[in-house]
Amino acid sequence: MKALVHAHDLAMTFDVSPPWLNRVVEGKPRQLLHAVDGVSFEIEKGKTLALVGESGCGKSTVARLLVGLYEPTRGSLTFDNQDAHAVYKTPQSAKLRRRIQMIFQDPYASLNPRWRVEDIVGEPLEEHGLISDPVRLRERVAELLRSVGMSALDGPKYPHQFSGGQRQRISIARALATGPEFLVCDEPTSALDVSVQAQVLNIMKDLQRTLGLTYLFISHNLAVVRHMSDQVGVMYLGRLVELADKQTLFANPRHPYTRMLLDAIPKLHDTGRARTPVQGEVPNPLNPPSGCAFNPRCPLANDRCRSERPLLQEVAGDRVACHAVEEGRIQA
Amino acid sequence: MTLLQVNNLVVEFPHRRGALRALDGISFDIAPGEILGVVGESGAGKSLTGAAIVGLLEPPGRIAGGQILLEGQRIDNLPYEQMRHLRGRKIGAVFQDPLTSLNPLYTIGRQLTETIQTHLPVSDHEARARAIALLQDTGIPAAEQRLDHYPHQFSGGMRQRVVIALALAAEPRLIVADEPTTALDVSIQAQIITLLKTICKERGAAVMLITHDMGVIAETCDRVAVMYAGRIVEMGPVHEVIHHPVHPYTSGLMAAIPDIMADHERLHQIDGAMPRLNAIPAGCAFNPRCPQTFARCRSDRPELMSAGVTRAACWLHAPVGVGA
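Scoring rules and cut-offs
- Residues numbered from 1 in each chain as written.
- Chains lettered and ligands numbered in written order.
- Predicted model: local features only at pLDDT ≥ 70, side-chain atom pairs only at ≥ 80, totals over all residues.
- Pairing = 2+ DSSP bridges.
- Helix = DSSP H or I, 4+ residues; strand = E, 2+ residues; numbered from the N terminus.
- Axes fitted to C-alpha atoms, helices over the stretch in contact; angles between N-to-C directions.
- Parallel < 35°, antiparallel > 145°, perpendicular 65-115°, else oblique.
- Left-handed = near helix turned anticlockwise from the far one by under 90°.
- Contact = placed C-beta atoms within 7 Å.
- Nonpolar A, V, L, I, M, F, W, Y, C, P; charged D, E, K, R; others polar.
- pLDDT = per-residue confidence, 0-100.

Draft legend 1. Structural detail: the sheet that holds strand S3 (residues 35-39) of chain B. Residue and element names in this part refer to chain B. Within the open sheet, the eight strands sit side by side as S6-S7-S8-S3-S9-S10-S12-S11. Their pairing is mixed. Whereas interior strands pair on both sides, the edge strands pair on one side only; in this sheet they are strand S6 (91-94) and strand S11 (305-307). Here the average twist between neighbouring strands, direction ignored, is 20°. Sheet topology note: the S11/strand S12 (residues 310-312) ladder contains three bridges and is antiparallel. Bridged to Met-305 within S12 is Ala-312.

Draft legend 2. Main features of the packing of helix H11 (residues 256-264) of chain A against helix H8 (residues 186-203) of chain B. Taken N-terminus to C-terminus, the directions of H11 of chain A and H8 of chain B make an angle of 45°; their axes are 8 Å apart at the nearest point. Relative to H8 of chain B, the element H11 of chain A is oriented oblique. By crossing handedness, the relation of H11 of chain A to H8 of chain B is classed as left-handed. The residues of H8 of chain B that touch H11 of chain A, namely those facing Met-260, Leu-261 and Ala-264 of chain A, are Val-186, Ser-187 and Ala-190 of chain B. When grouped by side-chain class, the residues that make up the contact of H11 of chain A with H8 of chain B number five nonpolar, one polar and no charged.

Draft legend 3. Region of interest: the interface of chain B and chain A. Taken together, the contact between chain B and chain A spans 37 residues of the former and 32 residues of the latter. Put simply, the parts of the chain that give the side of chain B that touches chain A at least two residues each are H8, helix H9 (214-220), helix H10 (238-243) and helix H11 (248-256) of chain B. Broken down by element, the residue count for the side of chain B that touches chain A peaks at six residues, all from H8 of chain B. The residue makeup of the side of chain B that touches chain A, split by class, is 17 nonpolar, 13 polar and seven charged.

Draft legend 4. Molecular detail of the confidence of the model for chain A. Per-residue pLDDT for chain A averages 89, and the proportion of residues at 70 or more is 96%. Highest mean pLDDT in chain A belongs to strand S8 (residues 214-218) of chain A (95); lowest belongs to strand S11 (residues 313-315) of chain A (86).

Dropping the structure here:
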């Protein structure tokens, strides 16, 4: 089956140089931050790709690239056989934007506190000129609210009258308003409590089934990722280090970083277990280590890892960027 | 012998129409060397419990009833100055955000030695030596040079280590840690938890660990108290509470957590949300969301009662023949 979303070598570089005057007077160099550095993946229609990684690994930047909030410095995004970023620049971009929507992390910041819920959910419909008749607009908004488990009577209320979980459902209703096919969800439940998180995740799964939605699901919580995804991409310092089916990734993680992440999660099953914590921290992305970015923390790093950057390669159905895996130094 | 004893603690916020009860009859104790986890969703009152113990309740919140005893002495009614002295000396505190707990204008060495000298009669030289030892104990490499660095020069995980070092500076008997790992990435979180655990075991300090993360509780604590709407609904050994929860709220909460070891088509969800303080239902506060509610739950408020190994505030576990 042909992939609906195809990211090809996406890269995003931010210029974080000191101001021009400081560069001239103090001789400071230009500084570039490679937030995303060559990320490729495909997502099939109706499936979910999850991106995981620690803070600063570039997962949110990927999300913003996909919805066109950033223009990539390199690479391309193909959506339904069109070059998305080329279309974004043309007057026809609205048609494409309608099909790709986003859900943000913080339901307190992403809803306008001065607007009624019905205006928040109805705005995309008016903006895209989908419905102009006020009666039909109200009907459609009520229908959208019901689809996320809320009531049509919630329409005239303001966001502050709702709890975090309900607000996140309002954001989902807003994202669904234009009838999108692809939803980019950037940590949609990390601001929520577990019992509320369960409500939101269940609704997202139900909607995917009934509407045939395709998700890019970003999270730092591997348990949530396991629950939601079909495929998982693990990111480290702007690159994908492993991309595999959910089953394979959780049963048989290959990259040392993936193994470390899985091992680092506190688990309910073994109460009181003593862990050997991973040493070290994520390096400064302004000054990443040479070779494999994970080498300073990797137990298997050798000279090749310190000098040569590993590429994402096919290993028994997965894609892994690791010299140790490629050379068979790691027991798969 | 218990180190900290909390009896029937009530915290209220004055309001136009009477007072809002944010904590309603909290009782528990912690033994030396023990880690008690306090878990619950936002608004359950876990942080407020911690704040009441360290004497940092923000006005207009106030302790309206009950007692807090540290080593047998009441500390809930101490004057401000005396409490200030106790805090740091006998009770250390670690908060969620390590950046706001440190003063950005002072080097961490100055902050550490100041804390040490406030509480212990030591010379400048000795205070510095202690500060270095503390940083080493909390796993900060090159402690001697790091002493002269400012908080912004440290990463998040390293900052939280500094905060822990600060909390330990006067060798307190009790450490109240409020969401100490929530702002950190998983790999760093594991390091900090291990650090807290070893340090407490080595020094015999009691820890009250407040978090919303059941995984952290499972790995760290000896006992756990589950809070809901300002009350403790279940308390017992961590293994029991996690694997055989008896209160419907605890079992619902446990089932709502996605499992990293297995696949489920749907997550269990507890419908509704925690009640607001001004609309706590009569009887058991959980009754509108509880799948097993019966008449008594709507009229009488359950106290913690014995339910096997743990204790739960739930009428399902009422002893046979009593009340009903």
